[in-house]
Amino acid sequence: MGAAMGFVGIVLHDSACPDINGSGFDFLVCRDGTVIPSNQFRDDDHIHVCVEGDFSTLADDPGVVREQMFVLVKLMLRLSSAFEMDPGKVSAHGDDCPGEYFPWHELKIRIDRPPH
Ligand SMILES: [Zn+2]
């Protein structure tokens, strides 16, 4: 076998992201709190987690989103521990993904937006 997997962090998307296109994620956090893993990792460096929903508009049901964020935080902590990553190493995919209403404050972690 080759070197151990060396992920450096987690990248968050929402399902409106064109790169996701239905399947381009490693883990999908559904609106009902189910976590769906993909069959294989799509990137050697980052784990791509997609949160189901379009966060370019205000959430129509904040309770659903809060539950999703709770599941997301648990998933991120589990992944950080499993792959020995810094749990703070979470970034947004881009300026528009996840959308501007993504509730970063619910994650209670510092997020780095990618540099321009
Ligand atoms: Zn994205």
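Preceding block: the structure.
An account of the accompanying structure is given in this report. From a predicted model like this one, the values you see are computed outputs, not experimental measurements.

## A short note on unusual backbone geometry
- With omega at -10 degrees, the peptide bond leading from cysteine 97 into proline 98 counts as cis.
- Here proline 98 lies in the loop between β5 (90-92) and α2 (104-107).
- Unlike most non-glycine residues, glutamate 84 shows phi in positive territory, near 50 degrees.
- Following the sequence through the fold, glutamate 84 ends up in the loop between α1 (62-82) and β5.
- Assessed through the 10 C-beta atoms surrounding it within 10 Å, glutamate 84 is described here as exposed.

## With respect to the environment of leucine 77
- On the secondary structure map, leucine 77 appears in helix α1.
- Residues leucine 77 and glycine 88 lie 11 residues apart in sequence; the distance between their C-alpha atoms is 9.4 Å.

## A word on the sheet that holds strand β2 (residues 27-29)
- Strand order in the open sheet formed by 5 strands is β3-β2-β4-β1-β5, and the pairing between neighbours is mixed. The open sheet has two edge strands, β3 (35-37) and β5, and neither has a second partner. Each neighbouring strand pair of the sheet contributes to a mean axis angle of 25 degrees, computed without reference to strand direction.
- In terms of strand pairing, β2 meets strand β4 (residues 46-51) through 3 bridges, oriented parallel. In the sheet register, phenylalanine 27 faces β4, and the bridge partner there is valine 49.

What counts and how
Residues numbered from 1 in each chain as written. Predicted model: local features only at pLDDT ≥ 70, side-chain atom pairs only at ≥ 80, totals over all residues. Helix = DSSP H or I, 4+ residues; strand = E, 2+ residues; numbered from the N terminus. Buried ≥ 20, exposed ≤ 12 C-beta atoms within 10 Å, placed from the backbone. Pairing = 2+ DSSP bridges. Axes fitted to C-alpha atoms, helices over the stretch in contact; angles between N-to-C directions.

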